[in-house]
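Chain by chain, the residues:
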Amino acid sequence: MLTFVIYIISFLPLLLSIATGENSPPYSPTDIILLDCGAQSNTISLDGRNWDADSDQSKFSAPNRENASFVSTASHQDSSVTGNPYMTARIFRSEFTYKFPVLPGPKFLRLYFYSAEYSGLNITTSFFSVTVNSYTLLSNFSAYLTASATRPRAPYFIKEFIITVWDNQMLNLTFTPFLNSYAFINGIEIVSMPSSLYMDGDDNQPTLVGFGSSFLLQNTTNLETLYRLNVGGQEISNRDDTGMYRTWQQDWDYIYAGAVGSVQSFLNDPIKYTPETPAYTAPVNVYATERTMNADSHINLHYNLTWIFPVDVQFYYLVRLHFCENPNITKANQRVFSIFINNQTAERQLDVFKWTGGSGIPMYEDYVVLATKKQLWLDLHPNMRSTPTYADAILNGIEIFKLNNSQGILAGPNPDTLATPKSPKQNPILQNSSRNKTLSRILPILGAVLGATILLSLLLGCFIFKRKRRVKDSISFPSEFTKPEDTSSFLPSDLCRRFSIIEIKAATHNFDEQFLIGHGGFGDVYKGLIDGGVTTVAIKRLNPSSKQGAHEFQTEIALLSQLRHLHLVSLIGYCNEQDEMILVYEYLPHGTLRDHLYNTDNPPLSWKLRLEICLGAARGLLYLHRDAKQSIIHRDVKSSNILLDENYVA
């Protein structure tokens, strides 16, 4: 018996090794640094990882640490805060640099912030910049404003960056407080990654959306992670990632309106990784869960699966989309769909089964897009040109990264508080209730042939024919115009927003003439402010004597709400109360092109700008003719129907 026990014990290390090997993640980082800033002794976080103390003797701190910084503990612990590394911080009154010796290659750099009071300092007065080597990660940064803008509201957050470190180079992380302010940091994490994870080399470059060409993404580019979503699935913690401690959030907060489609999971079916999509690309649960459209193909053809993401303008963004076809799809041409990013065609016909060679085989596609507005739109729509079996689309995961600009800057402005799009009612399946019945009533209307009268009022801002006068930029709202009515709507909420007549009157000060900015045979156009005065809009009030009736008004809204493109004026919503027929559009402050060409006091447009305006209008027309779900011929292209935004973009 003793011999048998010794035999078993001798093999125990081998058995443990085998078990560990089976459960080990696909990737083992060569660099892992966890620094609990302000802590006086090493700590263990809830995820089981060991954090080094950032004491005054820390091997990573700058020589001037005693004069430039001090440590502090948060004055209180919010119920949502898990403890370290958030409860202690290092405070900087002057420039301070951490120096991290790491191996060459790309690294995840994660900065942990807890927006709280430290040593009696007012957190609202903390503004600072953060640089790494020669790149600016944050500038005029406010942790307080950033935390206030998160949804759901949380006082703590992580800023994640992808930084490439070169041979014989350290990772130098510098905090610089603004004058009469202070900087702080709660935790610093550095984790290496496979060199080809996000930058695959010259042979596999991402598509530049809107141009049909490749975008040269070099390993000299640094990135900021903005969104990493497990589409259709639950949150995946950093412990359940593939070895790089990434967190994958749910996608609920970014779904547009109520058209959420349906979610499915196939956790018992194997995921067959490939050399093109190795196992460290994304966890199994990303590819085993999905969001698709509704089971009713008739409905699917008349809406998009849409996600909206707040972004900073004038930066390029890398959008990585993860796909894996489920076992119910058994052959090619059963599910084919198109991908649109910022209303531009990113992929015309994607058949996941055909592209991967079967179900259960993951893939991803990378796209780069230039953000010219503060929102990045992602739309999926069935493509029926090859007559697939189902009118459907599928998505498993989303990753969105900001790319540094030519000056090496990733920093953007501090966010507006609560700027994230409002989450819809959380229901994983598009309900077969009155909403679908409403859609069923609208769909026949969508197929109707529209007359020239409606087409003339459709596009490119033809709701403004003539500028009348400049309107005051600040409006006070009378108290009687502050509560919207709650009445039924004849259109589903996923198409566009419905305004009450009280909201419209509040926005225009009861249709005061001082807000009148244009008029035509269709009626008058007013400048207005909605959402408490935050958003400026153009409000088109149809003339009661117009030949357009309620039926045509419904049809116009149904069509307009599905047209979204950088160079088309967006329909925001409508109002149909008290015998009014009102459309609400985005407001373009520079008016019509005609206003800048004929009999004008406006400064002359340069020839380069005129060419850009022409190109913008041409791209809008191309979208209508070729890329819109229902092709439309404008038939009234003229300078008074071309509007210019704040950057003179048509």
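Residues numbered from 1 in each chain as written. Predicted model: local features only at pLDDT ≥ 70, side-chain atom pairs only at ≥ 80, totals over all residues. Heavy atoms only, no water.

Moving on: helix H9 (residues 501-508). Of all eight residues that make up H9, six are buried, and the element is covered over most of its length. Of all the residues in H9, the buried ones are Ile 501, Ile 502, Ile 504, Ala 506, Ala 507 and Thr 508. Buried-residue contacts for H9 involve strand E30 (523-530), strand E31 (535-542), strand E32 (571-575) and strand E33 (582-586). Once H9 finishes, His 509 follows within two positions and takes phi at roughly 55°, a positive value. (Buried < 20%, exposed > 50% of the residue type's maximum accessible area, 1.4 Å probe, protein only. Helix = DSSP H or I, 4+ residues; strand = E, 2+ residues; numbered from the N terminus. Contact = heavy atoms within 4.5 Å.)

Now for the sheet that holds strand E4 (residues 69-73). Strand order in the open sheet formed by three strands is E4-E5-E12, with antiparallel pairing between adjacent strands. Edge positions in the open sheet fall to E4 and strand E12 (183-185), since each of these has one partner strand only. The average angle at which neighbouring strand axes cross in this sheet is 30°, direction not considered. (Pairing = 2+ DSSP bridges. Axes fitted to C-alpha atoms, helices over the stretch in contact; angles between N-to-C directions.)

Our next topic: unusual backbone geometry. Cis geometry is found at the peptide bond from Asn 84 to Pro 85, where omega equals 5°. Within the secondary structure layout, Pro 85 lies in the loop between E4 and strand E5 (88-92). Unlike most non-glycine residues, Asn 168 shows phi in positive territory, near 60°. Relative to the assigned elements, Asn 168 resides in the loop between strand E10 (156-165) and strand E11 (171-177). Unusually for a residue other than glycine, Asn 510 sits at a positive phi of about 60°. Inspection of the secondary structure assignment puts Asn 510 in the loop between H9 and strand E29 (516-520).

One turn of the α-helix equals 3.6 residues, which is why residues spaced by three or four share an orientation. Relative to the 30 Å expected for 21 residues at 1.5 Å per residue, helix H11 (residues 607-627) spans 29 Å between its end C-alpha atoms, a close match to the ideal helical length. Listing the buried residues of H11 in full gives Leu 609, Ile 613, Gly 616, Ala 617, Gly 620, Leu 621, Tyr 623, Leu 624 and Asp 627. In the core, the buried residues of H11 are packed alongside strand E22 (337-341) and strand E23 (344-350). (Expected span 1.5 Å × (residues − 1).)

To continue, consider the packing of aromatic side chains. Inspection of the entire model under this criterion finds 31 aromatic pairs. With 6.1 Å between their ring centres and 65° between their planes, Phe 128 and Phe 184 make a pair best called edge-to-face. Of this pair, Phe 128 sits in strand E8 (residues 128-132) while Phe 184 is found in strand E12, placing the two residues 56 residues apart along the sequence. The residues Phe 128 and Phe 184 share a single accessibility class, namely buried. Measuring from ring centre to ring centre gives 5.2 Å for Tyr 227 and Tyr 254, while their planes differ by 75°; the resulting arrangement is edge-to-face. A residue pair is termed long-range when its members are at least 10 positions apart, and Tyr 227 in strand E16 (residues 223-230) and Tyr 254 in the loop between strand E17 (249-250) and strand E18 (262-265) qualify at 27 residues. (Phe/Tyr/Trp six-rings, centres within 6.5 Å; stacked < 30°, edge-to-face > 60°.)

By the secondary structure assignment, His 596 is in the loop between E33 and H11. Taking the relative accessible area as the measure of exposure, His 596 reaches 6% and is therefore buried. One polar contact links the side chain of His 596 to the main-chain carbonyl oxygen of His 590, over a distance of 2.7 Å. Every residue in contact with His 596, bar those within four places of it in the chain, is listed here: His 590, Asn 602, Leu 605, Leu 644 and Tyr 648. (Polar contact = N/O pair within 3.5 Å; in protein donor to acceptor, adjacent residues only side chain to side chain.)

Turning next to the nonpolar core. In terms of nonpolar packing, the biggest core is built from 50 residues, with Tyr 98, Phe 100, Phe 113, Leu 173, Phe 184 and Ile 188 touching the most fellow members. Per-element accounting of this core gives the leading share, five residues, to strand E7 (residues 105-114). Listed in part, the 39 residues of the second largest apolar core include Val 352, Tyr 367, Val 369 and Ile 394. (Core = buried A, V, L, I, M, F, W, Y, C linked by side-chain atoms within 4.5 Å.)

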